[in-house]
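Each chain is listed here by its residues.
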Amino acid sequence: MHEINGRTADHDIHPVFLERWSPRAFTGEAMPQDDLLALFEAARWAPSASNRQPWRFVYAHRGTEAFQAILSTLDEGNRRWTPDAAVLAVIISKTHNRTASGELRPAYTHAFDTGAAWCALALQATFSGYHVHAMAGIDRDKAMIAAGVPEGYRVEAGLAIGKIAAKDTLPDDLKAREVPSQRHSVEVFAFEGSFKPD
């Protein structure tokens, strides 16, 4: 068992799962493109149904017009702390696939597979000395326009990437929240034989 970041694993797992968390305090320092591409390389190798790889990322480095465009799609709470991220991104999934005969069919696992790619990216970021924070608080319609996303795709979340800063750099109300979150025990979500409702 491991204890890291005030988190304790009940079973023997790799420490990176406890080290990974989603801070809001970032230093604002630039991220080299090669470092960023290593995160996307990790996402590249995530598992996917029929190897369709439905995940897409539209990203922008801090200090660019594209960064400001993505920033403007985030909800007010997220816009308070994301300006100091090195990179902002929009996580997107392809919702339909075309068969060999040309028929368009729903890709039922598009969000599931894109979540796997996001997790691979997040773990690689931790290995590489970065932190990432995915955000549900994003105006998806606005993000579709800002990122130039066509029909047949869905915005899943926003993403902030950077080097972690001291929590004292945050507004007072966010400082208290700047700790790694806890998790339910395995027994809450893994059931042998049959489902157990909440």
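Trainee: Hey, could you run me through the sheet that holds strand 4 (residues 87-94) in this one?
Mentor: Two pairing modes exist for strands in a sheet, parallel and antiparallel, and in both the strands are linked by backbone hydrogen bonds. Taking strand neighbours across the sheet as the criterion, the four strands line up as 3-4-8-7 in an open arrangement whose pairing is antiparallel. Each having just a single partner strand, strand 3 (55-61) and strand 7 (131-135) make up the two edges of the open sheet. Pairs of neighbouring strands in the sheet enclose a mean axial angle of 25°, with direction left out of account. As paired elements, strand 7 and strand 8 (residues 153-162) share five bridges and run antiparallel to each other. Residue pairing across strands places Val132 opposite Ile161, the latter belonging to strand 8. The sheet strands contacting helix 2 (residues 33-44) are strand 3, strand 4 and strand 8, and the helix crosses strand 3 at an angle near 170°. Those strands touched by helix 5 (residues 110-127) are strand 3, strand 4, strand 7 and strand 8, and its axis lies near 10° from that of strand 8.

Trainee: How should I be thinking about the pairing of strand 8 in this particular structure?
Mentor: For strand 8, a buried count of eight out of ten residues is recorded, marking the element as mostly surrounded by other parts of the structure. Looking at chain direction, strand 4 and strand 8 are connected through eight bridges and run antiparallel. Paired with Val90 across the bridge in strand 8 is Gly158.

Trainee: Can you walk me through the packing of aromatic side chains in this structure?
Mentor: Applying the stated criterion across every chain, the model contains four aromatic pairs. Look at Phe40 and Phe57: their rings are 5.3 Å apart centre to centre, the planes differ by 45°, and that puts the pair in the tilted class. Pair noted here: Phe40 is in helix 2 and Phe57 is in strand 3, with a separation of 17 residues, a long-range link. By relative accessible area, Phe40 is classed as buried at 15%. Summarising the aromatic geometry, the rings of Phe191 and Phe195 are spaced 5.2 Å apart at their centres and angled 75° between planes, so their arrangement reads as edge-to-face.

Trainee: Mind showing me how you'd approach a nonpolar patch on the surface here?
Mentor: Together, Val186, Val188 and Phe189 make up a nonpolar patch on the protein surface, roughly 260 Å² of accessible area in all. Its place among the elements puts Val188 in the segment after helix 7 (172-175).

Trainee: Got a minute to help me understand the layout of surface pockets in this structure?
Mentor: Think of a ball as big as a water molecule: rolled over the atoms, this probe shows where empty space is left. Volume-wise, the largest pocket comes out at about 520 Å³. Contributing to the lining of the largest pocket are 20 residues, with Ile13, Phe17, Leu18, Arg183 and His184 lying nearest its centre. Every element with two or more residues in the lining of the largest pocket is listed here: strand 2 (7-8), helix 1 (16-19) and helix 5. Within the lining of the largest pocket, the residues separate by chemical class into ten nonpolar, six polar and four charged. Taken as a whole, the second largest pocket encloses approximately 210 Å³ of empty space.

Rules and cut-offs
- Residues numbered from 1 in each chain as written.
- Predicted model: local features only at pLDDT ≥ 70, side-chain atom pairs only at ≥ 80, totals over all residues.
- Heavy atoms only, no water.
- Pairing = 2+ DSSP bridges.
- Helix = DSSP H or I, 4+ residues; strand = E, 2+ residues; numbered from the N terminus.
- Axes fitted to C-alpha atoms, helices over the stretch in contact; angles between N-to-C directions.
- Contact = heavy atoms within 4.5 Å.
- Buried < 20%, exposed > 50% of the residue type's maximum accessible area, 1.4 Å probe, protein only.
- Phe/Tyr/Trp six-rings, centres within 6.5 Å; stacked < 30°, edge-to-face > 60°.
- Patch = residues over 30% accessible without salt bridge, like charges linked within 9 Å, V, L, I, M, F, W, Y side chains within 5 Å.
- Areas by Shrake-Rupley, 256 points an atom, 1.4 Å probe, with all protein chains shown as cover.
- Salt bridge = Lys/Arg side-chain N within 4 Å of Asp/Glu carboxyl O.
- 1 Å grid on protein atoms, 1.4 Å probe; cavity = no way out; pocket = protein on both sides within 12 Å on 5 of 7 lines; lining within 4 Å.
- Points joined across faces, edges and corners; volume = space filled by probe spheres on them.
- Nonpolar A, V, L, I, M, F, W, Y, C, P; charged D, E, K, R; others polar.

By themselves, these observations are geometric and do not establish any function.
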